[in-house]
Amino acid sequence: MKKAVVVFSGGIDSISTCAYLKQKYELHGISFLYGQKANQEIKTAKSLAKILGLKDHKIVDISFMKKLYGNTNALTSLKKKVPGKFNYSVVVPIRNGIFLSIASAWAFSINASLVAYGAHTGDKNYPDCRPAFSKKIEASFNQGEIDGINSGIRKRLQIWTPYKAKLSKRQLLKKGHDVLGDKIFNTWSCYKNGKLQCGKCESCNNRKAAFLDASIEDKTSYLH
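Rules and cut-offs
The numbering scheme is per chain: residues are counted from 1 as the chain's sequence reads. Residue-level local features of this predicted model are given only where pLDDT is at least 70; pairs of side-chain atoms are given and counted only at 80 or more, and the full residue set underlies all totals for whole chains, interfaces and linings. With hydrogens and water stripped out, all remaining heavy atoms of the structure feed into the side-chain values. Structural elements are reduced to axes, namely lines fitted to C-alpha atoms, with helices fitted over the stretch in contact, and the angle between N-to-C directions of any two is expressed from 0 to 180 degrees. Put simply, DSSP marks the helices as runs of H or I at least four residues long and the strands as runs of E at least two long, and each gets a number from the N terminus on. Roughly parallel means an angle under 35 degrees; roughly antiparallel, over 145; roughly perpendicular, 65 to 115; everything else is oblique. Crossing handedness: left-handed means the near helix sits turned counterclockwise from the far one by under a right angle, and right-handed means the same turn made clockwise. We call two residues contacting when some pair of their heavy atoms lies within 4.5 Å. By the convention adopted, Pro, Cys, Tyr, Trp, Phe, Met, Ile, Leu, Val and Ala count as nonpolar, Lys, Arg, Asp and Glu as charged, and the other residues, Gly among them, as polar. For the exposure calls, accessible area comes from a 1.4 Å probe over protein chains only, and a residue counts as buried if that area is under 20% of its type's maximum, exposed if over 50%, partly exposed in between. By the convention used here, strands pair only if DSSP detects at least 2 bridges between them. Crossovers are described as right-handed under a simple rule: with the strands pointing away from the observer, the path leading from the first strand over the helix to the second runs clockwise. One side-chain nitrogen of Lys or Arg within 4 Å of one carboxyl oxygen of Asp or Glu is enough to make a salt bridge. Residue count minus one, scaled by 1.5 Å, sets the expected span of a helix. To be clear, the arc concerns the directions from the helix axis to the C-beta atoms. For the purposes of this section, nonpolar cores are sets of buried Ala, Val, Leu, Ile, Met, Phe, Trp, Tyr and Cys residues that join through side-chain atoms within 4.5 Å.

Peer 1: I keep staring at the packing of helix H1 (residues 12–21) against helix H7 (residues 169–180) and nothing clicks. Help me out?
Peer 2: Two quantities define a packed helix pair, namely the angle between the axes and the distance from one axis to the other. Packing of H1 against H7 leaves a shortest axis separation of 8 Å and a crossing angle of 65°. One element, H1, and the other, H7, form an angle in the roughly perpendicular class. When you trace H1 past H7, the crossing you get is left-handed. Taking contact as the criterion, the partners of Ile12, Asp13, Ile15, Ser16, Thr17, Ala19 and Tyr20 in H1 are, on H7, Lys169, Leu172, Leu173, Lys175, Gly176, Val179 and Leu180. Of the residues that constitute the contact of H1 with H7, the class distribution is eight nonpolar, three polar and three charged.

Peer 1: Quick question: what am I supposed to make of the pairing of strand S2 (residues 25–33) here?
Peer 2: Regular strands show a simple pattern: their side chains alternate between the two faces of the sheet. In terms of burial, S2 is largely enclosed, as seven of its nine residues are buried. Two elements, strand S1 (residues 2–7) and S2, share six bridges in a ladder whose sense is parallel. Following the sheet pairing, Lys3 is matched in S2 by Glu26. Crossover S1 to S2 through H1 is right-handed. Sheet analysis places S2 next to strand S3 (residues 56–61), joined by six bridges and oriented parallel.

Peer 1: What's the story with the pattern of salt bridges in this structure? I'm lost.
Peer 2: For side chains bearing opposite charge, pairing can occur when the charged atoms are close. Throughout the structure, instances matching the rule amount to six salt bridges. Across the pair Lys169 and Asp13 runs a salt bridge whose closest N-O atoms are separated by 2.9 Å. Of this pair, Lys169 sits in helix H7 while Asp13 is found in helix H1, placing the two residues 156 residues apart along the sequence. We note that Lys169, like Asp13, is buried. Across the salt bridge formed by Lys164 and Glu138, the nearest N and O atoms sit 3.3 Å from each other. Remark: Glu138 occurs in helix H5 (residues 131–144) and Lys164 occurs in the loop between strand S5 (158–160) and H7; sequence separation between them is 26 residues.

Peer 1: I tried to follow the packing of H7 against helix H8 (residues 202–213) on my own but got confused; where do I start?
Peer 2: H8 packs onto H7 with a crossing angle of 75° between their chain directions and a minimal axis gap of 9 Å. Judged by the inter-axis angle, H7 sits roughly perpendicular to H8. For the pair H7 and H8, contact is made by Lys169, Arg170 and Leu173 and by Asn206, Ala210, Phe211 and Asp213, respectively. Considering only residue class, the contact of H7 with H8 consists of three nonpolar, one polar and three charged.

Peer 1: Please explain helix H2 (residues 40–52) as it appears in this structure.
Peer 2: Helical geometry note: an α-helix holds 3.6 residues per turn, so side chains three or four residues apart project in the same direction. Between its terminal C-alpha atoms H2 stretches 19 Å, which fits the 18 Å expected from 13 residues at 1.5 Å a residue. Buried within H2 are the following residues: Glu41, Ile42, Thr44, Ala45, Leu48, Ala49 and Leu52. In an axial view of H2, the angular spread of the buried residues amounts to 155°, which keeps them on one side of the axis. Turned more than 90 degrees off the buried face of H2, the exposed positions are Lys43 and Lys50. Where H2 is buried, its residues contact H1, S2, S3 and H7. Note on H2: the residue one or two positions beyond its end, Gly53, has a positive phi of about 75°.

Peer 1: Honestly, the nonpolar core in this entry has me stumped. Any pointers?
Peer 2: Ranked by internal contacts, the top residues of the largest apolar core, which has 40 residues, are Val5, Val7, Leu100 and Val115. For this core, the elements supplying multiple residues, two or more each, are S1, S2, helix H3 (65–69), helix H4 (95–109) and H5. It is H4 that contributes the most residues to this core, seven residues altogether. With residues up to four places along the chain from it excluded, the contact list for Leu100 reads Val7, Val115, Tyr117, Phe133, Ile137, Phe141 and Ile159.

Peer 1: What should I look at first to understand the side chain of Ser189 in this one?
Peer 2: Relative to the helices and strands, Ser189 resides in the loop between H7 and H8. A relative accessible area of 11% means that Ser189 is categorised as buried. Sequence-distant contacts of Ser189, that is, excluding residues within four places in its chain, are made with Ile12, Gln197, Ser203 and Arg207.

Encoded structure:
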C-alpha cells in the first residue's frame, strides 16, 4: 500500500481527511506545536491517531514560531482576541507552508508519495489553503529533490487537499462521520484552550455550521 503523510491537527477537517484517504494509503500523521493557544488539539490528535489506526504519529515542537510571529495573528498572540467570525487576524503567516515543508521532508524520507492537509472548498479566505498554493509548493518541493526523484532514490510527491478534489466541509465531515461515528465529536476545533470548546470563536462557529449543513446532530459539548 502507498504511504501518505497527513498534517494532523485533531480538528474535524484533518480527521475527516484521514478517513477519506484511509482505504487507499498507509497513513502517517504529523502534528505541530507552533505556539498556538489551543494546544489542547495535540492531546486530541494523539487519541484520534490511535482510533484511526495511523501507522505512525509524530508531534513536532516548533513553538519558537510564536516569538517570530509576534502579534501578527490571534491564534498565537496573547494580545489579540480571537474573533467570532472571519477576519484576517486568524490567518497565521504561511502556517501551512511551514507544516508542509516539514511534512514533505518526512515524506521524502519514508518514500511516501502523498502529503495531505485538510483544506476544503470552504477555506477560500485562507491563501495557503487554495489549490493554487498547494500546486506551486508541490512543484517546488519536487524540484528541490529532483535528482533523487530522477535516480529513483526518492518518490515524487503529490500535495493533496480535499479542496483539490472539490470537496466541501460538509462532504468531508460526512466521510469522517461515516468512518468514526460519534468519535467525530471528540475532535477539537476551538481556537482556545479549556475543558470544553468555547462555542463562540470563528472555528467553533464553523464547526457548528458544518454539522448543521451535513444534517448530523452536533453532540459536541461547548462552553456556550
